[in-house]
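Remarks on the overall topology
Chain by chain, the residues:
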Amino acid sequence: MPSTTASPLMDRLGRVHTDLRVSLTDRCNLRCTYCMPEEGLAWLPKPELLTDDELVRLVAVATERLGVRTVRLTGGEPLLRRGLPGLIARLTALPHPPELSITTNGIGLARSAVALREAGLRRVNVSLDTLRPERFAEITRRDRLQDVLLGLAAAQAAGLAPVKVNAVPVRGVNDDEIAGMAAFAIEHGYRMRFIESMPLDAQGAWDRGRMVTADEILERLGERFTLEPLPRSGNAPAEEWRVVGTDAVVGVIASVTRPFCGGCDRVRLTADGQLRNCLFAATESDLRALLRGGADDEAVEAAWRASVAGKGPGHAIDSPDFRQPDRPMSAIGG
Ligand code: SF4
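Below, the structure is looked at part by part. Quick caveat, the model's predicted, so the values are computed rather than measured. (Residues numbered from 1 in each chain as written. Predicted model: local features only at pLDDT ≥ 70, side-chain atom pairs only at ≥ 80, totals over all residues. Heavy atoms only, no water.)

What about the overall build of the protein?
On a plain count of helices and strands, the protein comes out with 10 helices and 12 strands. Compactness check: the protein gives a C-alpha radius of gyration of 19 Å against a globular reference of 20 Å for 334 residues, within 12% of the reference. The C-alpha extent of the protein, read off along each of the three principal axes, is 55 × 45 × 45 Å. Per-residue burial for the protein yields a buried fraction of 53% across its 334 residues. For the protein, long-range pairs separated by at least 24 residues make up 73% of all intrachain contacts whose partners lie at least 6 apart in sequence. (Helix = DSSP H or I, 4+ residues; strand = E, 2+ residues; numbered from the N terminus. Rg over C-alpha atoms; globule rule 2.2 N^0.38 Å. Buried < 20%, exposed > 50% of the residue type's maximum accessible area, 1.4 Å probe, protein only. Contact = heavy atoms within 4.5 Å.)

Digging into the sheet that holds strand S10 (residues 266-269)
On the basis of which strands lie adjacent, the open sheet formed by 12 strands has the order S7-S8-S9-S6-S5-S4-S3-S2-S1-S10-S11-S12 and mixed pairing. The sheet is open, and its two edges are formed by strand S7 (227-229) and strand S12 (285-286), each paired on a single side. In this structure, strand S1 (residues 19-23) lies alongside S10, joined through 4 bridges in parallel fashion. Its bridge partner lying in S10, Asp19 is registered against Arg266. The sheet strands contacting helix H1 (residues 52-65) are S1, strand S2 (70-74) and S10, and the helix crosses S1 at an angle near 170°. (Pairing = 2+ DSSP bridges. Axes fitted to C-alpha atoms, helices over the stretch in contact; angles between N-to-C directions.)

Let's talk about the site of the ligand
Every residue lining the ligand is accounted for by Phe260, Cys261, Cys264, Arg268, Cys278, Leu279, Phe280, Lys311, Gly314 and His315. A class-by-class count of the residues in the shell around the ligand yields 6 nonpolar, 2 polar and 2 charged. (Near = heavy atom within 4 Å. Nonpolar A, V, L, I, M, F, W, Y, C, P; charged D, E, K, R; others polar.)

Notes on the environment of Gly209
With respect to the secondary-structure elements, Gly209 resides in the loop between strand S6 (191-195) and helix H7 (214-224). Accessibility expressed as a relative area gives 46% for Gly209, which makes it partly exposed. Taking the C-alpha atoms as reference points, Gly209 and Val170, 39 residues apart in sequence, are found 9.3 Å from one another.

Observations concerning the pattern of salt bridges
Counted under the stated rule, the structure contains 22 salt bridges. Here Asp176 makes a salt bridge to Arg135, at a shortest N to O gap of 2.7 Å. You can see Asp176 sitting in the loop between strand S5 (164-167) and helix H6 (178-188) and its partner Arg135 sitting in helix H4 (residues 133-140), a full 41 residues away along the chain. Several salt bridges converge on common partners, so that one network encompasses Arg65, Glu298, Glu301 and Arg305. (Salt bridge = Lys/Arg side-chain N within 4 Å of Asp/Glu carboxyl O.)

A few points about helix H2 (residues 84-92)
Within the sequence span of H2, burial applies to Leu84, Leu87, Ile88 and Leu91. Buried residues of H2, viewed axially, fall in a sector of 100°; they line one side. Looking at the buried positions of H2, the neighbouring elements they touch are H1, S2, strand S3 (99-104) and helix H3 (109-119). (Arc of directions from axis to C-beta.)

A short note on the state of the cysteines
Summed over the entire model, instances satisfying the criterion amount to 0 disulfides. This cysteine, Cys32, is not joined by any disulfide, and Cys28 carries the nearest cysteine sulfur, 6.3 Å off. For Cys32, a relative accessible area of 13% translates into the label buried. (Disulfide = S-S within 2.5 Å.)

Here we look at the side chain of Lys311
Within the secondary structure, Lys311 sits in the loop between helix H9 (297-309) and helix H10 (329-332). Despite its burial, Lys311 pairs with no opposite charge; the closest candidate is Asp11, at 5.3 Å N-O. A distance of 3.1 Å separates a polar atom in the side chain of Lys311 from a polar atom in the side chain of His17. Among residues more than four places away in sequence, those in contact with Lys311 are Asp11, Arg12, Arg15, His17, Cys264, Arg266 and Asn277. (Lys, Arg positive; Asp, Glu negative; His and termini not counted. Polar contact = N/O pair within 3.5 Å; in protein donor to acceptor, adjacent residues only side chain to side chain.)

Observations concerning unusual backbone geometry
Of note, the bond from Gly75 into Gly76 is cis; its omega dihedral lies within 30 degrees of zero at 10°. Considering the arrangement of structural elements, one finds Gly76 in the loop between S2 and H2. For the bond running from Ala161 to Pro162, omega is -5°, close enough to zero to count as cis. Tracing the sequence through the fold places Pro162 in the loop between helix H5 (145-158) and S5. The residue Arg141 is not glycine, and still its phi comes out positive at about 60°. Examined against the element boundaries, Arg141 turns out to sit in the loop between H4 and H5. Of the residues examined, Arg141 reaches a relative accessible area of 25% and is grouped as partly exposed.

What to know about the packing of H3 against H5
Packing of H3 against H5 brings their axes to within 8 Å, and their N-to-C directions diverge by 20°. In terms of their interaxial angle, H3 and H5 are classed as roughly parallel. In the packing of H3 onto H5, the handedness of the crossing is right-handed. Residues Leu109, Ala110, Ala113, Val114 and Arg117 of H3 lie in contact with H5, whose contacting residues are Leu150, Gly151, Ala154, Ala155 and Ala158. Split into classes, the residues belonging to the contact of H3 with H5 amount to 8 nonpolar, 1 polar and 1 charged. (Parallel < 35°, antiparallel > 145°, perpendicular 65-115°, else oblique. Left-handed = near helix turned anticlockwise from the far one by under 90°.)

What follows is the structure in C-alpha cells.
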C-alpha cells in the first residue's frame, strides 16, 4: 500500500483513528428482535443516502488526508447495496486503498462472495446468533438460517478469510448455544466471536440483566474447551483465546463489562453521510451537506478533524446519565 503523509486523525485524548466504519444502507432483509421492530421503522429516503461517488470521495479523503487504513462496510445489511462489487472495486483502486472488510447477516453471500473477493474485499464478519432453524426464525422473524450457512461456506471457499462469526448471546434466548456455536465454528474453520449486547436497539428495550457477560461466556466455553489466552492485537476490540488441541481461535468482545474505549481508533459514517465520532455519540457532523454544498477536500478534512477532536472518552453505559443514541444500530452501522 502506498504510504500516506497524512497527519494522524487524533482526538483530545491522543487516540489516533485509523478505522472507518461505513454504513451502506439502513435497510435489512431480517428483522432481528433485538435490533428492529417487526414493522414501522421508516427507511432513509433514497435521495438522502450517499451516492457511490460521494462515498468514494469521503473514503478517499479519509485514506489520503486523515490516515485511515481500514474500512469496514456495514449496514443495515450492506449486501443490499446495489452494485456493491463495483463500489468495492472503486475503493480498492484509490491511491491509498484501505483494507476492506464487511459485516453482514450472510444472506446473499452465497451468490456474491466470489465477486466481492475479486473486487478486493479481504474479510467478512457474519452475524449469526443461533444454529437452530426455529430459533433463528424467532430471533430474526425470517426463516433464512440455511441461506446464512450457505453464505458462510461460500465466503470461506472464496478466500474471504478468516471468516468470522459474530454472535450476541442473550439470556434465555440463545445463551444455551455458546459452546455449541464455538464447536460449529471450530469444525468449519470459522473464527467464532461472542459480543456482549449493547443498548442500540430501535425499540430502546435493551435490558442489562439479559446481557450475557464476557465472564459468563468464558465460563460456558470453559465447560467444553480448554482456552489459552492470546496477546491482544493492537486496538482490536476482541480478546482472543486459542482452543487447545485445535487451530481454532475464539474471541469475546466485552463492550460493556470491559470497555475498550481508551484505545478506540474508529469513526463511523452513516448511510446518509453523517460522521459519528463514537457509536454512542449524541451529535453528528453532516458531511453530506458539505459535499452537496460544493465544499472542497480541505473543508471536508477540517470538518472531520473537528468532529474527532470533540470525541468523548467513551460510552458510559454503566453511568446513571447514560443516554441511548437517537439512531438505532441499523441506521448507525455496527
Ligand atoms: S463506545 Fe465509542 S469510544 Fe467506546 S469503543 Fe465504541 S466508538 Fe469507541
